Amino acid sequence: MRTYVGHQQAVSAEDFVELALGTPVELWLGVEGETDEERAARLDAARDILADPEYSNLPDDVARIAAEVIEAHAPELFNVVPLASPARRRRSSRKGAAA
């Protein structure tokens, strides 16, 4: 099955998130091994994007997407295993039992 966001095909989960948000994920999460200068420049660019009215709903969109992913994949994410309900134990009554 193919997944499209707008007119763009999302080939991977990263593509889907990038197309859904309209920005690369690395802009918000950073990359491993980035220098302090690279981090400062990345965060400055992120601030500029958030200041643009076009992206004013971005934080809400990110929260919504994260909630949808968690809801859709909760069992795998949290390794949830449904527990069987315990069987009820019957007490035997000993009416008139000889001693």
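Reference entry: report on the structure contained in this document. Fair warning: this is a prediction, and the values are worked out from it, not measured in the lab.

### Here we look at the overall build of the chain
Phase 1: Looking only at helices and strands, the chain features 4 helices and 2 strands.
Phase 2: Along the chain, from the amino end to the carboxyl end, the secondary structure elements read β-β-α-α-α-α.
Phase 3: Accessible surface computed for the chain: about 9000 Å², of which carbon and sulfur atoms make up 53%.

### Describing the pattern of salt bridges
Phase 1: Throughout the structure, instances matching the rule amount to 3 salt bridges.
Phase 2: With a shortest N-O distance of 2.8 Å, Arg42 and Glu34 are connected by a salt bridge.
Phase 3: Residue class for Arg42 comes out buried when judged on its relative accessible area of 11%.
Phase 4: Put simply, Asp61 and Arg64 hold a salt bridge, and the shortest N to O gap is 3.8 Å. With Asp61 and Arg64 both in helix α4 (residues 58-78), this residue pair falls 3 residues apart, about one helical turn.
Phase 5: On the accessibility criterion, Asp61 (27% relative accessible area) is partly exposed.
Phase 6: Among the residues examined, Arg64 registers a relative accessible area of 41% and is labelled partly exposed.

### So, the environment of Ala20
Phase 1: By the secondary structure assignment, Ala20 is in helix α1 (residues 13-21).
Phase 2: Residue Ala20 is classed as partly exposed on the basis of its relative accessible area of 33%.
Phase 3: Separated by 45 residues in the primary sequence, Ala20 and Ile65 have C-alpha atoms spaced 8.7 Å apart.

Here is what the cut-offs are and how they apply
- Residues numbered from 1 in each chain as written.
- Predicted model: local features only at pLDDT ≥ 70, side-chain atom pairs only at ≥ 80, totals over all residues.
- Heavy atoms only, no water.
- Helix = DSSP H or I, 4+ residues; strand = E, 2+ residues; numbered from the N terminus.
- Areas by Shrake-Rupley, 256 points an atom, 1.4 Å probe, with all protein chains shown as cover.
- Salt bridge = Lys/Arg side-chain N within 4 Å of Asp/Glu carboxyl O.
- Buried < 20%, exposed > 50% of the residue type's maximum accessible area, 1.4 Å probe, protein only.

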